[in-house]
Amino acid sequence: MDRPAPPPSELLEIAIDVARDAAATAYRMRIEGVSVAATKSTVTDVVTAADRAVERQITDALRRLRPGDAVLGEEYGTADGGTTDAPARVRWIVDPIDGTVNYLYGLPHCAVSIAAELDGAVVAGVVRNIHTGEEWTATAGGGAWRAGERLRCSTETDLGQALVITGFGYDARRRAHQARVVAELIPYVRDIRRLGAAALDLCLVAEGRADAYYEKGLAAWDQAAGGLVAAEAGLRIGGLKGLPPGPEMVIAAPPALYDPLHEHLTRWDAAGGP
Ligand code: IPD
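Nothing here was measured: the structure is a model prediction, and the numbers come from that model. (Residues numbered from 1 in each chain as written. Predicted model: local features only at pLDDT ≥ 70, side-chain atom pairs only at ≥ 80, totals over all residues. Heavy atoms only, no water.)

This part is about the confidence of the model for the chain. For any part of a model where pLDDT is low, the fine detail of the predicted coordinates should not be relied upon. Residue-level pLDDT values for the chain average 94, and 96% of them are 70 or greater. Taking the mean pLDDT of every element in the chain, the minimum, 74, falls on strand β4 (residues 77-79) and the maximum, 99, on strand β11 (residues 163-166). (pLDDT = per-residue confidence, 0-100. Helix = DSSP H or I, 4+ residues; strand = E, 2+ residues; numbered from the N terminus.)

Here it is in structure tokens:
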């Protein structure tokens, strides 16, 4: 028999509590001193001891609060809390520290990101800046919020006036392709920003602190919570050529900017390359 579906608001409350404790741990560990524990896809794709400790803390807390749920985390992958007769309906998608390189250098643009999926759709998410305590939340259909204010994305209609955030992957050949795309795009926009934490980038765009965002190569944990915050703030989110947002491409733009940005990114094959 199907397990009952918890309301998104209940999942969000859990996510917020767990994210606050996790961000406190990450902040404390940053003050105590950070070192690289391992590298992943390339030598510049680092994992700190805090990434691992914080993910363990989040997973343990979720297990305690919602024992039957599945969890997908950046550092430790999937753990399915479902049983064979009743697979988990809720899956938590966790990035313990998004913006790990910023964290390593003490740059205050890194966050804990926790999203809850219900039956395969993200319904709740929280992104909390580890340094500043700024916290963005959203539930599906319930809007995007920060500090009690409902968020609305930029109303910019001219791509030439748009501040666009993007990011780069860790693989050198991929970065070279992404840099060529940026070189082609930059004459057509106000400016480009590379801040270094996709979840926070999506939240900044959600409240109009930049106009649009795009990036190739995001994993589910980079975009699950921030993507819901952005969508709930009115941004149109998609991939290239009608595809859904995913590892090939995530574009988050106000409705009026989406098509012109998409056109440039398609022309320069932003989802292509290595
Ligand atoms: C990275 C950051 C970065 C983005 C990369 C991500 P991580 O996540 O979000 O801004 O450009 O694509 O992998 O490694 O810091 O969790």
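Right, let's talk about a nonpolar patch on the surface for a bit. A cluster of nonpolar side chains, namely Val101, Tyr105, Leu107 and Tyr170, defines an oily patch on the protein surface of about 390 Å² accessible area. The topology assignment puts Tyr105 in helix α3 (residues 100-105). Given a relative accessible area of 62%, Tyr105 falls into the exposed group. (Patch = residues over 30% accessible without salt bridge, like charges linked within 9 Å, V, L, I, M, F, W, Y side chains within 5 Å. Areas by Shrake-Rupley, 256 points an atom, 1.4 Å probe, with all protein chains shown as cover. Salt bridge = Lys/Arg side-chain N within 4 Å of Asp/Glu carboxyl O. Buried < 20%, exposed > 50% of the residue type's maximum accessible area, 1.4 Å probe, protein only.)

Membership of the largest hydrophobic core comes to 34 residues, with the highest contact counts inside it found for Val127, Trp136, Leu151, Tyr213 and Val229. Elements with a minimum of two residues in this core: β6 (111-118), β8 (135-139), β11, α5 (198-206), α6 (220-232) and β15 (250-253). The greatest single-element share of this core, amounting to eight residues, is contributed by α5. Residue-level mapping places this core at the junction of two domains, with at least three residues from each of domain 1 (8-150) and domain 2 (159-267). (Core = buried A, V, L, I, M, F, W, Y, C linked by side-chain atoms within 4.5 Å. Domains from an automatic or database assignment.)

What follows covers the packing of helix α1 (residues 8-32) against helix α2 (residues 49-65). The relative placement of two packed helices is expressed as an angle between their axes plus a distance between the axes. Where α1 meets α2, the axes come as close as 10 Å, and the angle between the chain directions of the two elements is 155 degrees. Relative to α2, α1 is oriented roughly antiparallel. By crossing handedness, the relation of α1 to α2 is classed as right-handed. Counting all contacts with α1, which are made through Ile14, Val18, Asp21, Ala22, Thr25, Ala26 and Met29, the residues of α2 involved are Ala49, Ala50, Ala53, Val54, Gln57, Ile58, Ala61, Leu62 and Leu65. (Axes fitted to C-alpha atoms, helices over the stretch in contact; angles between N-to-C directions. Parallel < 35°, antiparallel > 145°, perpendicular 65-115°, else oblique. Left-handed = near helix turned anticlockwise from the far one by under 90°. Contact = heavy atoms within 4.5 Å.)

Once that is clear, we can look at the pattern of salt bridges. Under the definition given, this model contains 15 salt bridges. We note a salt bridge from Arg66 to Asp69, for which the minimum N-O separation is 2.6 Å. The exposure class assigned to Arg66 is buried, which follows from its relative accessible area of 18%. Among the charged side chains, a salt-bridge network with shared partners connects Glu134, Arg146, Glu207 and Arg209.

This part covers the UniProt feature "binding site: Mg(2+)" (unreviewed entry) in the chain. In the numbering adopted here, UniProt assigns the feature "binding site: Mg(2+)" (unreviewed entry) to Glu74, Asp95, Ile97, Asp98 and Asp222. Considering the C-alpha atoms alone, the annotated residues occupy 149 residues of sequence yet fold into one spot, their largest mutual distance being 9.6 Å. Checked against the lining of the largest pocket, the annotated residues just named reduce to Glu74, Asp95, Ile97, Asp98 and Asp222. As for its position among the elements, Glu74 is in the loop between β3 (70-73) and β4. By relative accessible area, which is 19% here, Glu74 ends up buried. Not counting chain neighbours up to four residues away, the residues in contact with Glu74 comprise Lys40, Glu55, Val94, Asp95, Pro96, Ile97 and Trp221. Here Asp95 shows up in strand β5 (residues 90-98). Excluding anything up to four places from it in sequence, Asp95 contacts Glu74, Ala111, Val112, Ser113, Trp221 and Asp222. (UniProt positions renumbered as here; feature names shortened; annotations may be inferred. 1 Å grid on protein atoms, 1.4 Å probe; cavity = no way out; pocket = protein on both sides within 12 Å on 5 of 7 lines; lining within 4 Å.)

The subject of this paragraph is the sheet that holds strand β13 (residues 212-215). Across the sheet, which stays open at both edges, the five strands sit in the order β12-β11-β13-β15-β14 with mixed pairing between neighbours. One side of each edge strand has no neighbouring strand; the edge strands of this open sheet are β12 (191-193) and β14 (236-238). Between one strand axis and the next, the sheet turns through 20 degrees on average, direction left out of account. Sheet topology note: the β11/β12 ladder contains three bridges and is parallel. Looking at the pairing, Leu163 lines up with Asp191 of β12. Sitting on the sheet, helix α4 (residues 172-185) is in contact with β11, β12 and β13, with an inclination near 150 degrees to β13. (Pairing = 2+ DSSP bridges.)

This brings us to the state of the cysteines. Here the structure, examined in full by the defined rule, presents zero disulfides. Between Cys110, a cysteine without a disulfide, and Cys203, which holds the nearest cysteine sulfur, the sulfur-to-sulfur distance is 13 Å. The class of Cys110 is buried, set by a relative accessible area of 0%. Cys153 supplies the cysteine sulfur nearest to Cys203, a cysteine that is in no disulfide, at a spacing of 13 Å. (Disulfide = S-S within 2.5 Å.)

In the region of the ligand, 16 residues are neighbours, and Asp98, Gly99, Thr100, Tyr170 and Glu215 sit closest. One nitrogen or oxygen atom from the side chain of Glu74 is found 3.1 Å from an oxygen atom belonging to the ligand. Out of a free accessible area of 380 Å², the ligand has 94% covered by protein chains. Structurally, the ligand is housed in the largest pocket. For the shell around the ligand, the leading source of residues is β5, giving three residues. Taken domain by domain, the makeup of the shell around the ligand includes at least three residues from each of domain 1 (8-150) and domain 2 (159-267). (Near = heavy atom within 4 Å. Polar contact = N/O pair within 3.5 Å; in protein donor to acceptor, adjacent residues only side chain to side chain. Sits in = over half its atoms within 2 Å of the grid points.)

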